[in-house]
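The primary structure of each chain is shown beneath.
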Amino acid sequence: MGAPGVRGETPAAPRGPDRRIGSVEVLAGLLILLFVFREPVARALSAPRLQTWTTVFVSVLVQAVPFLVFGVLLSAVIAVFVPRSFWARALPRHPALAVPVASAAGVVLPGCECGAVPIAGSLIRRGVTPAAALAFLLAAPAINPIVLTATAVAFPDDPAMVLGRAVASLLVAMVMGWLWLRLGRADWIRLPRRPELDGGSRGRAFWGAVRHDVTHAGGFLVIGAAAAATINVVVPERWLQTLADEPVLSVLALAALAVLLSLCSEADAFVAASLSQFSLTSRLVFLVVGPMVDLKLISMQAGVFGRRFALRFAPTTFAVAVVVAAAAGAVLL
């Protein structure tokens, strides 16, 4: 394994004025097209399946965007105002000990997985070992007070679900952090250059970082939300009832469903509670896998850390989360 560091991109050579079409021009063009073709678009949106797609797409965005903004703001604060020396004092020097400390830090930050991605990126930029930052990335969305409270409300007759979710999620985060220390390679993480953080005042750097993260992470969030909405329309509901009757298949089915639905961690407990045909253990797997591996998260991780990272990290996290959550369910539920 290489050193648990990060390889940034090499500075690009100076170029002339960028004349490429930007996001503002694309948005303006889309708005013009929507105005010109507003009647056929309105007729298409009246179709029941498309209405379902639109409802799921909008709901995923509405759930995720406030926490994405919170995470972006916190990420900008970390990147601009928090000195590197702070992290040297806050975390143990030994990376193996920094992993559980960073995992436990997720308890004090009320946010979801959308906000945790840019925060983890900023932590790595500020000198935090990637293993600790990735452990925080996985733990924070699942063990913070808001999520655990929502889980308790969703399962009033099964308080062990709260304990099971907290314990299993914390264990998965620590295992993945330690696995990164053992098997991870520095060149798997390629954080994009951040020229807006270099030079100028802190205020200008702060707002530059906010604009960058909202545009960058928000675009991948939209892609993930669209994919989740498509899956909701395509997958027949009757398949769920068939799978619920098989213990092993039900665990794998809800784990896959958590990836495909891409729910916000503050809302997934209520969806899990509604899947009453499934066992508590399979629903616990749903709650542990969802905040760590889903379509929008994979898209966002690919955008923030690079595709080489996402292609290795997401499948490994999925496998570890399924095994740990199923074991926790067997013991605690």
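Reading the values: the criteria
Residues numbered from 1 in each chain as written. Predicted model: local features only at pLDDT ≥ 70, side-chain atom pairs only at ≥ 80, totals over all residues. Heavy atoms only, no water. Helix = DSSP H or I, 4+ residues; strand = E, 2+ residues; numbered from the N terminus. Buried < 20%, exposed > 50% of the residue type's maximum accessible area, 1.4 Å probe, protein only. Core = buried A, V, L, I, M, F, W, Y, C linked by side-chain atoms within 4.5 Å. Contact = heavy atoms within 4.5 Å. Phe/Tyr/Trp six-rings, centres within 6.5 Å; stacked < 30°, edge-to-face > 60°. Axes fitted to C-alpha atoms, helices over the stretch in contact; angles between N-to-C directions. Parallel < 35°, antiparallel > 145°, perpendicular 65-115°, else oblique. Left-handed = near helix turned anticlockwise from the far one by under 90°. Nonpolar A, V, L, I, M, F, W, Y, C, P; charged D, E, K, R; others polar. Salt bridge = Lys/Arg side-chain N within 4 Å of Asp/Glu carboxyl O. Patch = residues over 30% accessible without salt bridge, like charges linked within 9 Å, V, L, I, M, F, W, Y side chains within 5 Å. Areas by Shrake-Rupley, 256 points an atom, 1.4 Å probe, with all protein chains shown as cover. Expected span 1.5 Å × (residues − 1).

1. A word on the overall build of the protein
Now for step 1: The helix and strand inventory of the protein stands at 16 helices and 0 strands.
Now for step 2: In the protein, buried positions account for 46% of the 333 residues.

2. So, the nonpolar core
Now for step 1: One finds Leu137, Val172, Phe286, Val289 and Phe305 to be the most contacted residues of the largest nonpolar core, which totals 69 residues.
Now for step 2: Discounting residues that sit within four places of it in the chain, Leu137 has contacts with Ala116, Val117, Ala120, Gln301, Phe305 and Phe313.
Now for step 3: If you look at the next biggest cluster of nonpolar residues, it comprises 7 residues, including Val72, Ala76, Ala209 and Val210.

3. Remarks on the packing of aromatic side chains
Now for step 1: Taken as a whole, this structure holds 6 aromatic pairs when the rule is applied.
Now for step 2: With 4.7 Å between their ring centres and 20° between their planes, Phe309 and Phe313 make a pair best called stacked. Pair noted here: Phe309 and Phe313 are both in helix H16 (residues 307-332), with a separation of 4 residues, about one helical turn.
Now for step 3: An aromatic cluster is defined as three or more aromatic residues linked by ring pairs; in this entry it consists of Trp180, Trp188, Phe305, Phe309 and Phe313.

4. Comments concerning the packing of helix H9 (residues 160-183) against helix H14 (residues 280-289)
Now for step 1: The geometry of H9 relative to H14 is characterised by a closest axis approach of 10 Å and an angle of 50° between their N-to-C directions. Our classification of the angle between H9 and H14 gives oblique. Where H9 crosses over H14, the two elements pack in a sense that is right-handed. On H14, the residues that touch Met161, Gly164, Arg165, Ala168, Ser169 and Val172 of H9 are Leu280, Arg283, Leu284, Leu287 and Val288.
Now for step 2: A per-class count over the contact of H9 with H14 returns 7 nonpolar, 2 polar and 2 charged.

5. Overview of the pattern of salt bridges
Now for step 1: Counted by the stated rule, this structure contains 2 salt bridges.
Now for step 2: Here Asp268 and Arg165 are joined by a salt bridge, their closest N and O atoms 2.8 Å apart. Pair noted here: Asp268 is in helix H13 (residues 268-274) and Arg165 is in helix H9, with a separation of 103 residues, a long-range link.
Now for step 3: When its relative accessible area of 0% is taken as the criterion, Arg165 is described as buried.

6. Brief notes about a nonpolar patch on the surface
Now for step 1: A surface patch of nonpolar side chains, amounting to about 630 Å² of accessible area, comprises Leu30, Ile32, Leu33, Phe35, Val36 and Phe37.
Now for step 2: One can find Ile32 in helix H1 (residues 23-36).
Now for step 3: Residue class for Ile32 comes out exposed when judged on its relative accessible area of 54%.

7. Details of H16
Count 3.6 residues to each turn of an α-helix, and residues three or four apart come out pointing the same way.
Now for step 1: Between its first and last C-alpha, H16 extends 36 Å over 26 residues, near the 38 Å set by a 1.5 Å rise per residue.
Now for step 2: The complete set of buried residues in H16 reads Phe309, Ala310, Phe313, Ala314, Thr317, Val320, Ala321, Val322, Val324, Ala325, Ala328 and Gly329.
Now for step 3: Elements in contact with the buried residues of H16: helix H7 (130-143), H9, helix H12 (247-261), H14 and helix H15 (295-305).

8. Brief notes about the environment of Ala209
Now for step 1: In this fold, Ala209 is placed in helix H10 (residues 202-234).
Now for step 2: Assessed through its relative accessible area of 1%, Ala209 is described here as buried.
Now for step 3: Taking the C-alpha atoms as reference points, Ala209 and Val77, 132 residues apart in sequence, are found 9.0 Å from one another.

9. Considering the packing of H15 against H16
Now for step 1: With their axes 7 Å apart at the nearest point, H15 and H16 run at an angle of 140° to one another. In terms of their interaxial angle, H15 and H16 are classed as oblique. Remark: the crossing between H15 and H16 carries right-handed chirality. On H16, the residues touching Ile298, Gln301, Ala302 and Phe305 of H15 are Arg307, Phe309, Ala310, Phe313 and Ala314.
Now for step 2: Across the contact of H15 with H16, the residue classes tally to 7 nonpolar, 1 polar and 1 charged.

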